[in-house]
Amino acid sequence: MARPYNFSAGPAALPEEVLRQAAEEMLDWHGSGMSVMEMSHRGKEFTQIATQAEADLRELLAVPANYKILFMQGGAIAENAIIPLNLLGDKQTADYVVTGSWSAKSFKEAKKYCTPHLAAGALTGPWLAVPPEPTFSFSADPAYLFLCSNETIDGVEFHALPKAPAQVPVVADMSSNILSRPIDVAQYGLIFGGAQKNIGPAGLTFVIVRDDLLDRASPLCPSAFEYKTVAANGSMYNTPPTYGIYIAGLVFQWLKRQGGLAEIERRNIAKAELLYGYLDATAFYQTRVEKPFRSRMNVPFFLKDESLNDAFLAAAKDAGLLQLKGHKSVGGMRASIYNAMPLAGVQALVAFMKEFERTHG
Ligand SMILES: *Cc1c(COP(=O)(O)O)cnc(C)c1O
């Protein structure tokens, strides 16, 4: 039987091929007699898995040689503290662009370590756009410029990177749009995120950091969270989330088989255009984010008559369309259409929405 389409914002759907391969390899990985969960992280089998995963991620994103790829734990929320602990050095401030709930949270956490400066955006919602670049006001000497490339809850995405002042490294939370399109890693000082949106299972955090930024950590930074220490130990200073790295590695292989990020971007654009196109054409549903900043990954939408919300969700579930409820801070619905969501899933969603409109409009 076909599995339902799962529109969860995260932990989110994985490619079915990956789940099947993991199931096949569950009891005995490649004749080793062990599950990946049962292997020493320092043994030759897991070393091979981790080395391949890192190499594939490096290839997919064309990560330059002077950047380290780190596999850590703690998720993006822990990184909100780990980043200032590692990057502030002797500076007193960092600039934050706040375009949604996640970057607002990052700003708030940074207050424990410095006096963050709000360079653009607002600390409270609704967030419906990225502010125009000429209105950005940078501080005199920030340690870095922080932004969230895709606000998972609010559905606001940067489709172009704003220009940071010279020498100021850009730090980006890419939890929910990493690997959804090609990016120029060299424009960033640090890219990070949790894996559970567009890469793999929860529990794995990825950090891609330029190596000249590794020397600024506060003496109070926990060793397991000090990028320099983690990098020097090949992400094995402490035991890394081994099974998460393995599944992420299978997803990277899957992405390569699909044709890499240029092809994935083409598919992601087609999926987003189909869904937004329908939302624009009907008055039964609404979407609020301004057009140039609409996320390709997370599509919040609302029924005009919100008293139908429960009926909509129940009927969607019956139709094999799962986890469409919006985040509680925004309300309404949200369809997350990450890399693992096929075009057929979005077609099924739009067909369902049209039918629901026909029977309830
Ligand atoms: C999900 C998410 C987070 C939080 O990640 P955790 O793994 O729960 O720490 C932070 N930022 C963005 C953009 C997210 O999508």
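Everything numeric here is computed off the predicted structure, so don't read it as measured data.

(A) Structural view of the packing of aromatic side chains. Enumeration according to the criterion identifies 15 aromatic pairs in this entry. Judged by centre distance (5.9 Å) and plane angle (65 degrees), the rings of Tyr96 and Tyr144 are edge-to-face. Of the two residues, Tyr96 is situated in strand S3 (residues 95-98) and Tyr144 in the loop between strand S4 (117-121) and strand S5 (145-148); the sequence distance between them amounts to 48 residues. Here Tyr96 matches Tyr144 in class, with each residue buried.

(B) Representation of the site of the ligand within the structure. Close contacts around the ligand come from Gly75, Ala76, Ile77, Trp102, Cys148, Asn150, Thr152, Asp173, Ser175, Ser176, Gln196 and Lys197, and that covers them all. The contact in question runs from a nitrogen atom of the ligand to an N or O atom on the side chain of Asp173, over 2.7 Å. One nitrogen or oxygen atom from the side chain of Lys197 is found 2.6 Å from an oxygen atom belonging to the ligand. Isolated, the ligand exposes 390 Å² of accessible area, and the fraction of that covered by the protein chains is 86%. Here the shell around the ligand takes three residues from helix H3 (residues 75-87), the largest share from any one element. Of the residues in the shell around the ligand, the class split is four nonpolar, six polar and two charged.

(C) How the structure looks around the nonpolar core. Ranked by size, the top nonpolar core spans 54 residues in total, and within it Leu61, Leu179 and Tyr246 carry the most contacts. When contributions to this core are tallied by element, the ones reaching two or more residues are helix H1 (16-24), helix H2 (44-61), strand S2 (67-72), S5, strand S8 (170-173), strand S10 (205-210), helix H6 (242-258) and helix H7 (260-281). The biggest single contributor to this core is H6, with 10 residues. Looking at which domains feed residues into this core, each of domain 1 (17-257) and domain 2 (260-360) supplies at least three. Each residue touching Tyr246, except ones within four places of it in the same chain, is listed here: Gln21, Ala22, Glu25, Trp29, Val36 and Ile49.

(D) Highlighting a positive patch on the surface. On the surface, Lys105, Lys108, Lys111 and Lys328 cluster together into a patch of positive charge. Position of Lys111 relative to the elements: it lies in the loop between helix H4 (101-110) and S4. Residue classification places Lys111 among the exposed residues on the basis of a relative accessible area of 51%.

The rules we used
- Residues numbered from 1 in each chain as written.
- Predicted model: local features only at pLDDT ≥ 70, side-chain atom pairs only at ≥ 80, totals over all residues.
- Heavy atoms only, no water.
- Phe/Tyr/Trp six-rings, centres within 6.5 Å; stacked < 30°, edge-to-face > 60°.
- Helix = DSSP H or I, 4+ residues; strand = E, 2+ residues; numbered from the N terminus.
- Buried < 20%, exposed > 50% of the residue type's maximum accessible area, 1.4 Å probe, protein only.
- Near = heavy atom within 4 Å.
- Polar contact = N/O pair within 3.5 Å; in protein donor to acceptor, adjacent residues only side chain to side chain.
- Areas by Shrake-Rupley, 256 points an atom, 1.4 Å probe, with all protein chains shown as cover.
- Nonpolar A, V, L, I, M, F, W, Y, C, P; charged D, E, K, R; others polar.
- Core = buried A, V, L, I, M, F, W, Y, C linked by side-chain atoms within 4.5 Å.
- Domains from an automatic or database assignment.
- Contact = heavy atoms within 4.5 Å.
- Patch = residues over 30% accessible without salt bridge, like charges linked within 9 Å, V, L, I, M, F, W, Y side chains within 5 Å.
- Salt bridge = Lys/Arg side-chain N within 4 Å of Asp/Glu carboxyl O.
- Lys, Arg positive; Asp, Glu negative; His and termini not counted.
- Charge placed at Lys NZ, Arg CZ, Asp CG, Glu CD.

Everything listed here is a matter of coordinates, which is why it stays silent on function.
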